[in-house]
Amino acid sequence: MATLDSRGRIADRCAMKELQWTPGLRLSIRERRGLIVVSADKQGVFKVTKEGHVRLPAVVRQWCGLAAGDRVLIVAEPASNRLVVHPPAKLDEMIGQAHDAVFGGEHE
């Protein structure tokens, strides 16, 4: 889990280390079914910041309803060289689906 700052930055050294992403690395950032997918991309228009953070553009944050201080689940996928950001709304949806599967739609 990581906290989004007021400029859209995600600072998580563990994920960056796992992906071996360094400052200046070019990235593509897109929304996919409510998730944010950040991929290393030589033609990408975004970059890992000089501090080693991924900065989510305002338009992406708006698409996913993210605000400063929001906690997001981040998943590093080294095999595909990408970082997947799970916004709170998507986590709520996924947990609801899991509970429905376990409890058959009955919540105690």
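Caption draft 1: Representation of the pattern of salt bridges within the structure. The final tally for this structure, using the stated rule, is three salt bridges. D5 is paired through a salt bridge with R9; the nearest N and O atoms lie 2.6 Å apart. A salt bridge links R82 to E77, with the nearest nitrogen and oxygen atoms 2.4 Å apart. Accessibility expressed as a relative area gives 25% for E77, which makes it partly exposed.

Caption draft 2: Inspection of the side chain of S39 at higher detail. Among the secondary structure elements, S39 is positioned in strand β4 (residues 35–40). Residue class for S39 comes out buried when judged on its relative accessible area of 12%. The contact partners of S39, leaving out residues within four places of it in the chain, are W21, R26, L27, S28, R30, N81 and R82.

Caption draft 3: Spotlight on the sheet that holds strand β8 (residues 82–86). The sheet built from six strands is open, its strands ordered β1-β7-β8-β4-β3-β5 with antiparallel pairing. Strands with a single pairing partner mark the edges of an open sheet, and in this sheet they are β1 (2–3) and β5 (46–47). Inspection of the sheet shows β4 paired to β8 by four bridges, in the antiparallel sense. Directly across from V38, in β8, lies its bridge partner L83.

Caption draft 4: Broad picture of unusual backbone geometry. Non-glycine residue R33 carries a positive phi angle of around 55 degrees. Among the structural elements, R33 can be located in the loop between β3 (26–32) and β4. Here R33 falls in the exposed class, since its relative accessible area comes to 74%. Despite not being glycine, N81 has its phi angle at roughly 55 degrees, a positive value. Looking at the element boundaries, N81 is found in the loop between β7 (71–77) and β8. Look at N81 and you get partly exposed, because its relative accessible area is 30%.

Quick notes on the rules
Residues numbered from 1 in each chain as written. Predicted model: local features only at pLDDT ≥ 70, side-chain atom pairs only at ≥ 80, totals over all residues. Heavy atoms only, no water. Salt bridge = Lys/Arg side-chain N within 4 Å of Asp/Glu carboxyl O. Buried < 20%, exposed > 50% of the residue type's maximum accessible area, 1.4 Å probe, protein only. Helix = DSSP H or I, 4+ residues; strand = E, 2+ residues; numbered from the N terminus. Contact = heavy atoms within 4.5 Å. Pairing = 2+ DSSP bridges.

Shape descriptors only; they carry no functional weight alone.
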